[in-house]
Amino acid sequence: MNLRNGWYFLGGAGACLTLVALLGAAASDNQPSPTRALPDRDAYYPGTENLAEDEMRVTACGTGMPNTRPKQAGACFLVELGNGDKFIFDIGTGSAERLSGLAIHYDYLDKVFIGHLHADHFGDLAALWVGGALNNRQRPLRVWGPNSTKPEYGTAYAVDHMEKMLTWDAASRLGNVNTRGLQIEVNEFDYKGVNQVIYEENGVTIRSFPAVHALDGPVSFTLEWNGLKFAFSSDTYPNKWWMKYAKGADIAIHVCFQPPIIMVKKQKFPVRDALNVGTQVHTSPSMFGKVMSMTEPRLAVGYHFFNDFDTTPFVERQVRTTYGGRLALAVDYMVFNVTKDDIRVRMAVINEDAWPLPSVTEKLPADPSQRVGFTNFLIEGRVVFEDVIKKVYDDTNEELGTDVEAPK
Ligand SMILES: [Zn+2]
Ligand SMILES: [Zn+2]
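Please read all numbers here as calculations on a predicted model, not as lab measurements. (Residues numbered from 1 in each chain as written. Chains lettered and ligands numbered in written order. Predicted model: local features only at pLDDT ≥ 70, side-chain atom pairs only at ≥ 80, totals over all residues. Heavy atoms only, no water.)

K.L.:
How should the sheet that holds strand 4 (residues 111-113) be read in this particular structure?
P.N.:
Either a parallel or an antiparallel arrangement is found when strands of a sheet pair, and the pairing is made through backbone hydrogen bonds. On the basis of which strands lie adjacent, the open sheet formed by eight strands has the order 6-5-4-3-2-1-14-15 and mixed pairing. Of all strands in the sheet, those with a lone pairing partner are strand 6 (184-189) and strand 15 (343-347), marking the two edges. On average, each strand axis in the sheet is inclined to that of its neighbour by 20°, with strand direction left out of account. Relative to strand 4, strand 3 (residues 86-89) runs parallel, the two sharing two bridges. Bridge pairing in strand 4 places Phe89 opposite Phe113. Taken strand by strand, helix 5 (residues 125-134) contacts strand 3, strand 4, strand 5 (141-146) and strand 6, and its axis lies near 165° from that of strand 5. Relative to strand 6, helix 6 (residues 155-165) is tilted by about 155°, and along the sheet it contacts strand 5 and strand 6. (Pairing = 2+ DSSP bridges. Helix = DSSP H or I, 4+ residues; strand = E, 2+ residues; numbered from the N terminus. Axes fitted to C-alpha atoms, helices over the stretch in contact; angles between N-to-C directions. Contact = heavy atoms within 4.5 Å.)

Quick look at the structure:
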């Protein structure tokens, strides 16, 4: 029996009774209920989908504000390409946790492009650096970012001082874990470079051009590969370089900042400051719409506001006063699959219990001779449960067939 055909004859008061009769008939025909996985669940489950050779997958790993919140980390977008390459654009506060939800080996999360040095755009660099090294990333973390008008406003200075900030962290790990991955390669480039190539490997070209945001130094990026173009503003005021070099991108991700009225009402900003930050330091939603009308991407993606049931309709109305094209207002874990024929937008479904994936290479042992060690002051303060610890060693050795000796 064809249930759908049955519907054509339904109507009026008899419809309900007829439907019950039809469903009853289907059950009595011994039609089993489905037990197989649906062919398309309209969600992205990390680690379960092949990326086609010509496909680009972009995952929003941070879409929020400098004020942290559970739902939205600071700016971060992961770009994965069908050739296997992966690139992180901005790594704002909280975003390293988002990256860890995507079931990607840390070995491959080793290239970070920083648009500017606000904490909500690079505040989790340390988490990726240290966490990746402890997860056996054996290569240096590679970082690209702009210089500025003074050395101390530049990316090299920021990363150098991040390493200094983590001096105790790095020293404490020597000899206890293998720290080979605790190296950083910094590629600082001229923020004034206009459409300059800052990366060109394996058929992937990444370019930077100036952004206008808060202080000299910020840049925006494009990534081109296999005839596809990704553009990412980081933060900026509308500017001539974006209009020219992001033009026609397949996916254009651009700041669409928290509207001033919302900053005043929900965050208690002084009105003057909200208007200044919202329309002069960043790009407001209606300004974003204007930018996208001129950029004409296949898909415009706005981010950088708290994206909720009560804010998004207002933001969207503002954007729609100036832009009629295809639009997504990003929230964390929105996923974009981009090919020449299609751009699919879905949400990722994250396993909150996921562990970081083990490295693809064997985890190297620590070299105990590197250990900095304690002073006698602390050694003499230890209360040593020798028999308890010995049992841990013995049980572990027995279970794993090893013979590691407990320290005396
Ligand atoms: Zn910023
Ligand atoms: Zn920002």
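K.L.:
Just checking my understanding: could you explain the packing of aromatic side chains for this structure?
P.N.:
The description of an aromatic ring pair uses the distance of the two centres, along with the angle that the planes make with each other. A complete count under the given rule lists 16 aromatic pairs for this structure. Between Phe77 and Phe232, the aromatic rings sit 5.5 Å apart at their centres with planes inclined by 55°, giving tilted as the arrangement. Of the two residues, Phe77 is situated in strand 2 (residues 76-81) and Phe232 in strand 10 (residues 228-232); the sequence distance between them amounts to 155 residues. The class of Phe77 is buried, set by a relative accessible area of 0%. Under the relative-accessibility criterion, Phe232 is labelled buried at 0%. Directly above the ring of Phe306 sits Arg69, whose terminal nitrogen or CZ lies 4.5 Å from the centroid. Here Lys111 stacks its cationic end above the ring of Phe87, 5.5 Å away from the centre of that ring. (Phe/Tyr/Trp six-rings, centres within 6.5 Å; stacked < 30°, edge-to-face > 60°. Buried < 20%, exposed > 50% of the residue type's maximum accessible area, 1.4 Å probe, protein only. Lys NZ or Arg CZ within 6 Å of the ring centre and 35° of its normal.)

K.L.:
Sorry if this is basic, but what is going on with the pairing of strand 8 (residues 204-210) here?
P.N.:
In regular strands, side chains alternate between the two faces of the sheet. In terms of burial, strand 8 is largely enclosed, as six of its seven residues are buried. Taken together, the five bridges between strand 7 (residues 196-201) and strand 8 define a ladder with antiparallel strand orientation. Residue Tyr199 lies in a different strand from strand 8, and its bridge partner there is Ile206. In this antiparallel pair of consecutive strands, strand 7 and strand 8, the connection spans two residues, and Asn202 shows a positive phi of 55°. Of the pairings in the sheet, the one linking strand 8 to strand 9 (residues 219-225) comprises six bridges and is antiparallel in character.

K.L.:
It is not clear to me how a negative patch on the surface should be interpreted in this structure. Could you clarify?
P.N.:
A surface patch of like charges, here negative, comprises Glu53, Asp54, Asp341 and Asp342. Mapped onto the elements of the fold, Asp342 is located in the loop between strand 14 (334-338) and strand 15. Among the residues examined, Asp342 registers a relative accessible area of 41% and is labelled partly exposed. (Patch = residues over 30% accessible without salt bridge, like charges linked within 9 Å, V, L, I, M, F, W, Y side chains within 5 Å. Areas by Shrake-Rupley, 256 points an atom, 1.4 Å probe, with all protein chains shown as cover. Salt bridge = Lys/Arg side-chain N within 4 Å of Asp/Glu carboxyl O. Lys, Arg positive; Asp, Glu negative; His and termini not counted. Charge placed at Lys NZ, Arg CZ, Asp CG, Glu CD.)

K.L.:
Can you help me understand the coordination of the zinc ion (ligand 2) in this one?
P.N.:
Four donors placed tetrahedrally about a metal ideally form angles of 109.5 degrees, and six donors placed octahedrally ideally form angles of 90 or 180 degrees. The coordination sphere of the zinc ion (ligand 2), as far as protein atoms go, consists of Asp120 (OD), His121 (NE2), Asp235 (OD) and His304 (NE2), spread over 2.0 to 2.5 Å. Note that the zinc ion (ligand 2) binds four donor atoms; their angles at the metal cover 89 to 157°, and the shape is irregular. Between consecutive donors of the zinc ion (ligand 2), the numbers of intervening residues give the motif D-H-x113-D-x68-H. Between the two metals, the zinc ion (ligand 2) and the zinc ion (ligand 1), the spacing is 3.3 Å, and Asp235 donates to both. Residue Asp235 is located in the loop between strand 10 and helix 8 (240-245), and its partner His304 is located in the loop between strand 12 (299-303) and helix 12 (312-320); the two are separated by 69 residues in the primary sequence. Classification of Asp235 as buried rests on a relative accessible area of 0%. Taking relative accessible area as the criterion, His304 reaches 1% and is therefore assigned buried. (Donors = N, O, S within 2.8 Å, 3.2 Å for Na, K, Ca; no water. Tetrahedral: all angles 85-135°; square planar, octahedral: opposite > 155°, others 65-115°.)

K.L.:
Would you take a moment to explain the pairing of strand 2 for this structure?
P.N.:
Most of strand 2 is tucked away, with six of its six residues classed as buried. Across the two faces of strand 2 the burial is the same, with Cys76, Leu78 and Glu80 and Phe77, Val79 and Leu81 all buried. Of the pairings in the sheet, the one linking strand 1 (residues 56-62) to strand 2 comprises six bridges and is antiparallel in character. Bridging across to strand 2, Arg57 finds its partner in Glu80. In this sheet, strand 3 lies alongside strand 2 in antiparallel orientation, the contact comprising four bridges. If you follow Leu78 over to strand 3, its bridge partner there is Ile88. Joining the antiparallel neighbours strand 2 and strand 3 is a turn of four residues, in which Gly84 adopts a positive phi near 100°.

K.L.:
Whenever I open this one, the pattern of salt bridges confuses me. Can you help?
P.N.:
All chains considered together, the criterion is met by 21 salt bridges. Close ionic contact of Asp40 with Arg344 constitutes a salt bridge, the shortest N to O distance being 2.8 Å. You can see Asp40 sitting in the loop between helix 2 (14-28) and strand 1 and its partner Arg344 sitting in strand 15, a full 304 residues away along the chain. You can call Asp40 partly exposed: its relative accessible area is 44%.

K.L.:
What is the right way to look at the coordination of the zinc ion (ligand 1) in this model?
P.N.:
Only His116 (NE2), His118 (ND1), His213 (NE2) and Asp235 (OD) from the protein reach the zinc ion (ligand 1) as donors, at distances of 2.1 to 2.3 Å. Here the zinc ion (ligand 1) binds four donor atoms, and the angle range of 92 to 166° at the metal identifies the geometry as irregular. Mapping the donors of the zinc ion (ligand 1) onto the primary sequence yields the spacing H-x1-H-x94-H-x21-D. You can call His213 buried: its relative accessible area is 3%.

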